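Fold and geometry: a report
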Amino acid sequence: MGKLAKWLRMMGYDTLFFNGSNDAHMIAIARDEDRVILTKDTQIMRRRVVTNGQIKATLIQSDEPELQVHQVIDILKLDSQFKPFTICLECNQPLLERSRHQVKDLVPPYVFQTQQQYMECPNCHRIYWRGTHWRAMTEKLKRFISSSARE
Ligand SMILES: [Zn+2]
């Protein structure tokens, strides 16, 4: 589920990740912040706040992160709001735009040579750019979304 959380952040969705040790805390946050719970835990699906519709929850079926992403895209109909490159994959903070010269000493020289657009996380100060790994992930996401639309 940690990988699923990263994929959703990659798409630009504000996504919190809970390791399962404190369900009550997670449910309280879902209620207070109007979040949808994505879980593999059938116990959570049986809770009254979920069965009576007070909190929206989805049971994730697969153990495979890519199939999980596919399921979530389908169920939550995520396609139209797909905004990649806007949220830190590690800390779920909105990224801030940085100019090339601001990141000059923070990124590898070959990156500086080839990339024009940069984003920084205000929390962990990671710098993001649209490198090959990023492009591979967004291509994969686009394929998920177009295959969902066809079904
Ligand atoms: Zn961060």
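These lines cover the structure that appears in this document, whether it is placed above or below.

Conventions we followed
- Residues numbered from 1 in each chain as written.
- Predicted model: local features only at pLDDT ≥ 70, side-chain atom pairs only at ≥ 80, totals over all residues.
- Heavy atoms only, no water.
- Helix = DSSP H or I, 4+ residues; strand = E, 2+ residues; numbered from the N terminus.
- Buried < 20%, exposed > 50% of the residue type's maximum accessible area, 1.4 Å probe, protein only.
- Contact = heavy atoms within 4.5 Å.
- Areas by Shrake-Rupley, 256 points an atom, 1.4 Å probe, with all protein chains shown as cover.
- Donors = N, O, S within 2.8 Å, 3.2 Å for Na, K, Ca; no water.
- Tetrahedral: all angles 85-135°; square planar, octahedral: opposite > 155°, others 65-115°.
- Phe/Tyr/Trp six-rings, centres within 6.5 Å; stacked < 30°, edge-to-face > 60°.
- Lys NZ or Arg CZ within 6 Å of the ring centre and 35° of its normal.
- Patch = residues over 30% accessible without salt bridge, like charges linked within 9 Å, V, L, I, M, F, W, Y side chains within 5 Å.
- Salt bridge = Lys/Arg side-chain N within 4 Å of Asp/Glu carboxyl O.
- Pairing = 2+ DSSP bridges.
- Axes fitted to C-alpha atoms, helices over the stretch in contact; angles between N-to-C directions.
- Parallel < 35°, antiparallel > 145°, perpendicular 65-115°, else oblique.
- Left-handed = near helix turned anticlockwise from the far one by under 90°.
- Nonpolar A, V, L, I, M, F, W, Y, C, P; charged D, E, K, R; others polar.

Considerations on the overall build of the chain
When its secondary structure is counted, the chain shows eight helices and five strands. Counting from the amino terminus, helix and strand elements in the chain follow one another as α-α-β-α-α-β-α-β-α-α-β-β-α. Once the C-alpha set of the chain is aligned to its principal axes, its extents read approximately 55 × 35 × 25 Å. Scored against the burial criterion, the 151 residues of the chain give a buried share of 41%. A separation threshold of at least 6 residues defines the contact pool for the chain, and within that pool the share at least 24 residues apart is 50%. Split by element, the accessible area of the chain, about 9,500 Å² in all, is 49% carbon and sulfur.

As for the environment of Leu 16
The topology assignment puts Leu 16 in the loop between helix 1 (2-10) and helix 2 (23-32). Each C-alpha atom of the pair Leu 16 and Arg 35 lies 9.1 Å from the other, and the pair is 19 residues apart in sequence.

Notes on the coordination of the zinc ion
Ideal geometry at a metal gives 109.5 degrees between four tetrahedral donors and either 90 or 180 degrees between six octahedral ones. Coordination of the zinc ion by the protein is provided by Cys 88 (SG), Cys 91 (SG), Cys 121 (SG) and Cys 124 (SG), with metal-donor distances spanning 2.1 to 2.3 Å. Of note is the zinc ion, whose four donor atoms meet at the metal with angles of 107 to 114° in an arrangement that counts as tetrahedral. Summarised as a motif, the one-chain spacing of the donors to the zinc ion is C-x2-C-x29-C-x2-C. Here Cys 124 lies in the loop between strand 4 (118-120) and strand 5 (127-129) and Cys 91 lies in the loop between helix 5 (65-76) and strand 3 (96-98), a separation of 33 residues in the sequence.

Brief notes about the packing of aromatic side chains
The tally for this structure, following the rule as stated, stands at two aromatic pairs. Over the aromatic face of Phe 112 sits the side chain of Arg 100, whose NZ or CZ is 4.2 Å from the ring centroid. Its end group placed over the ring of Phe 112, Lys 104 keeps NZ or CZ at 5.1 Å from the ring centre.

Some remarks on a nonpolar patch on the surface
Judged by side-chain polarity, Val 36, Ile 75 and Leu 76 come together as a nonpolar surface patch covering roughly 200 Å² of accessible area. When you line up the elements, Leu 76 lands in helix 5. Classification of Leu 76 as partly exposed rests on a relative accessible area of 30%.

Observations concerning the sheet that holds strand 4
In space, the three strands of this open sheet follow the order 3-4-5, with antiparallel pairing throughout. Single-partner strands in this sheet number two, and they are strand 3 and strand 5. Averaged over all adjacent pairs, the angle separating strand axes in this sheet is 40°, with direction ignored. Pairing analysis gives three bridges linking strand 3 to strand 4, with the strands arranged antiparallel. Counterpart to Glu 97 in the pairing with strand 4 is Met 119.

Let's talk about the packing of helix 1 against helix 5
One way to put it is that helix 1 packs onto helix 5 with a least axis distance of 9 Å and a crossing angle of 50°. In terms of orientation, helix 1 and helix 5 fall into the oblique class. Here the hand of the crossing between helix 1 and helix 5 comes out right-handed. On helix 5, the residues touching Lys 3, Leu 4, Trp 7 and Leu 8 of helix 1 are Pro 65, Gln 68, Val 69 and Val 72. For the contact of helix 1 with helix 5, the class distribution of residues is six nonpolar, one polar and one charged.

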